[in-house]
Amino acid sequence: MEQQVDYIIVGQGICGTFLSYYLDKPGKKILVIDANQPHTSTKVASGVINPVTGRRIVRTWMIEEVMPFAVEAYTQLGRETDKQLVRQCNILDFHPTAQMQLAFDERLPTEDYLRIPESADYWRTYFNYPFAIGETNPCWLIDLHSLLDGWCNRLRERNCLLEQQFDHKQLVLEKSKVRYQNITAEKIFFCDGAGGATNPFFHLLPFALNKGEAILAKIPGLPNSNIFKQGLSIVPWKDDRFWIGSTYEWNFADANPSEGFRTKVETQLRQWLKLPFEIVDHWASVRPANIERRPFVGLHPVHHTIGILNGMGTKGCSLAPFFAYQLSHHIIHGSPIHPNADVKRFSGILSK
Ligand SMILES: Cc1cc2nc3c(=O)[nH]c(=O)nc-3n(C[C@H](O)[C@H](O)[C@H](O)COP(=O)(O)OP(=O)(O)OC[C@H]3O[C@@H](n4cnc5c(N)ncnc54)[C@H](O)[C@@H]3O)c2cc1C
């Protein structure tokens, strides 16, 4: 049977979820195609929005705009899917060296997001630490699995989801529409995460894929009020479970969990944590990162019926809602996309 929609969206990670949400909101007819792979970047991520980054503790790009936007977007989508998707969960940074403590202390007077926690000694019940603790405030924790499940259920109920692998060879580009199998659409958007690096329309973009691993451990008795960081982060998950990660590997032979990472986590937890722990799972995935550390947003400069929302790297939780909204407005109202995010900046490469 022939099917006609306004937009096809390939991928239901964080990017495809928000893009389909913002296109659906004003009444556009959407169809999402997702292969429901088990270890995508969004499914393996911890879901933290941290306004500062790096050894020099600098503000992340556009954080003053994207962080409040994201918090509101998760709150709103959570309300519509009956899930609590976001809560404030500040990072407690257990400085691992005297130099790191000094770097924090030097930034403290001029960076509003940094604080000295009131009850620093309280944490001695749970952790061993030779130096002080710094706090980043506010940080936010997103329940990414509830986000994906909630929106997936909504799409299923309305017959807007095809749970299958998208086959690029079956995509036919016509003058002002696209056809895929028995479906025609005005445009198609690729939100295919790391799959973008082999996507025939976008593989020339400067993707620099990055592998990350995470352990899920039961730590009975550890408060879930904060994210605890000492090189590794311990992030509250569900009940007495905590997400522990991560690695940032630019060169990797495969995307599988490694014995080396598990051993590293076990060794560090035995030194740092005073509570017993039990490892219950171990995941790995590939972040859709890129050389510029700026997202890929917009329409293909040659094929105007094809669009992209990708390249979120390590910052999908804060960037994806904001840029999904910008892209949806660009498509529907013609409003501009931030020039540092617009894929138009790669017109030369994409026209080859
Ligand atoms: C270990 C780890 C920790 C992280 N922690 C954080 C964090 O705390 N905060 C943060 O902001 N970011 C974090 N990230 C990064 C974050 O996960 C990404 O920025 C974000 O999830 C990327 O979302 P995406 O939708 O672009 O890609 P994905 O989540 O990979 O989604 C792509 C979707 O497309 C589907 N797909 C791909 N190709 C096809 C095809 N041909 N046919 C059908 N479906 C297809 C896949 O099944 C998938 O569902 C972390 C990443 C990792 C790996």
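Residues numbered from 1 in each chain as written. Predicted model: local features only at pLDDT ≥ 70, side-chain atom pairs only at ≥ 80, totals over all residues. Heavy atoms only, no water.

(A) Summary view of the side chain of S328. Along the polypeptide, S328 turns up in helix α7 (residues 316-333). The class for S328 is buried, based on a relative accessible area of 2%. Ignoring sequence-local partners within four residues, the contact set of S328 consists of L19, Y22 and L23. (Helix = DSSP H or I, 4+ residues; strand = E, 2+ residues; numbered from the N terminus. Buried < 20%, exposed > 50% of the residue type's maximum accessible area, 1.4 Å probe, protein only. Contact = heavy atoms within 4.5 Å.)

(B) Structural context of the domain arrangement of the chain. Once the domains are mapped, the chain shows domain 1 (3-44 + 145-206 + 291-350) and domain 2 (91-137 + 210-287). A separation of 32 Å is found between the C-alpha centroids of domain 1 and domain 2. Listed per partner, the contact involves 10 residues of domain 1 and 11 residues of domain 2. Together domain 1 and domain 2 conceal approximately 770 Å² of surface at their shared face, both sides included; 64% is due to carbon and sulfur atoms. For the pair domain 1 and domain 2, the interface holds 0 salt bridges. Viewed at the interface, domain 2 and domain 1 are joined by 4 residue pairs in polar contact (both at pLDDT 80 or more). Among the elements of the structure, α2 (41-44) and α5 (144-157) are those that each provide at least two residues to the side of domain 1 that touches domain 2. Split by residue class, the side of domain 1 that touches domain 2 holds 2 nonpolar, 7 polar and 1 charged. (Domains from an automatic or database assignment. Buried area = accessible area lost by both parts, 1.4 Å probe. Salt bridge = Lys/Arg side-chain N within 4 Å of Asp/Glu carboxyl O. Polar contact = N/O pair within 3.5 Å; in protein donor to acceptor, adjacent residues only side chain to side chain. Nonpolar A, V, L, I, M, F, W, Y, C, P; charged D, E, K, R; others polar.)

(C) A look at unusual backbone geometry. Between N137 and the following residue, P138, the backbone shows a cis peptide bond with an omega angle of 5°. Position of P138 among the secondary structure elements: in the loop between β9 (133-136) and β10 (140-142). Between G245 and S246 the backbone carries a cis peptide bond, its omega angle lying at 10°. With respect to the element layout, S246 can be found in the loop between β18 (241-245) and α6 (259-272). The backbone of N36 sits at a positive phi, close to 50°, despite the residue not being glycine. Note that N36 resides in the loop between β2 (30-33) and α2. Residue class for N36 comes out partly exposed when judged on its relative accessible area of 45%. Phi is positive for D82, close to 55°, though the residue is something other than glycine.

(D) Main features of the sheet that holds strand β17 (residues 232-236). Strand order across the open sheet formed by 8 strands is β8-β9-β7-β16-β17-β18-β15-β19, with mixed pairing between neighbours. With partners counted over all chains shown, the strands left at the sheet margins are β8 (114-115) and β19 (278-287), one partner each. Where strand β15 (residues 210-218) meets β19, 9 bridges bridge the pair, whose relative direction is antiparallel. By the bridge assignment for β19, A217 is matched with I279. Packing against the sheet, α6 makes contact with β7 (91-94), β15, β16 (227-230), β17, β18 and β19, and its axis sits at approximately 80° to β17. (Pairing = 2+ DSSP bridges. Axes fitted to C-alpha atoms, helices over the stretch in contact; angles between N-to-C directions.)

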